[in-house]
Amino acid sequence: MSAEPTGDELLAVLGTLANPHRLRVIAALTRERTYVSRLARDLGISRALLQLHLRKLEAAGLVTAQLELSPDGKAMKFYEVTPFAYRLTPQAIAAAAPTLSSDDAEKGTR
């Protein structure tokens, strides 16, 4: 992430975090990196739903994944939080607003 996010980057992050499951995923991964099956059990949601949320978090740059081999040779994908910090102030929004792509700006006005 650059020092000041663009309008599009800010929208992507805020839109991604505007979901209670994704906030819980971030909270869980802040405590420890883990794999999908364990995280799904811990959060009480299906693996399929969790994978959807993890893909969105990864696309926004908020989590990363790494394939690793378990002791029995099984490939496991481990997720962890990518360090991030966004300062959401009126000034930060004012600085980001002029950088919005026209498509995203139009979507916000409908």
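All figures in this text were calculated on a predicted structure; none of them were measured in a lab. (Residues numbered from 1 in each chain as written. Predicted model: local features only at pLDDT ≥ 70, side-chain atom pairs only at ≥ 80, totals over all residues. Heavy atoms only, no water.)

1. Details of the layout of surface pockets
To find leftover empty space, a probe the size of one water molecule is rolled over the atoms. Note the cut-off: Using a 1 Å grid laid over the protein atoms alone, points where a 1.4 Å probe fits but cannot get out form a cavity; open sets with protein on both sides within 12 Å along at least 5 of 7 lines form a pocket; any residue with an atom within 4 Å of a point counts as lining. Grid points are joined across faces, edges and corners, and a volume is the space filled by probe spheres set on the points. Helix numbers and strand numbers start at the N terminus; a helix is a DSSP run of H or I with at least 4 residues, a strand a run of E with at least 2.
Within this model, the largest pocket holds a volume of roughly 170 Å³. For the largest pocket, the full set of lining residues is Tyr 35, Val 36, Ser 37, Arg 47, Gln 51, Lys 74, Ala 75, Met 76 and Lys 77. Elements with a minimum of two residues in the lining of the largest pocket: α3 (36-43), α4 (47-59) and β3 (75-81). Examining the composition of the lining of the largest pocket, we find that three residues originate from one element, β3, more than from any other.

2. A few points about the UniProt feature "domain: HTH arsR-type" (unreviewed entry) in the protein chain
We apply this condition: UniProt positions are given in the numbering used here, feature names are shortened, and annotations may be inferred rather than shown by experiment.
On the UniProt side, "domain: HTH arsR-type" (unreviewed entry) is annotated at positions that read residues 12-102 here. Segment residues 12-102 splits into 52% helix and 18% strand. End C-alpha atoms: 15 Å apart.

3. Thoughts on the environment of Ala 97
To keep things clear, this is the line we draw: Per-residue accessibility, obtained with a 1.4 Å probe over protein chains only, is compared with the maximum for each type, and a residue is labelled buried under 20%, exposed over 50%, and partly exposed between these values.
Looking at the secondary structure, you find Ala 97 in the loop between α5 (90-96) and α6 (102-109). Under the relative-accessibility criterion, Ala 97 is labelled partly exposed at 38%. Each C-alpha atom, one on Ala 97 and one on Thr 6, is 7.7 Å from the other, the two residues being 91 residues apart in sequence.

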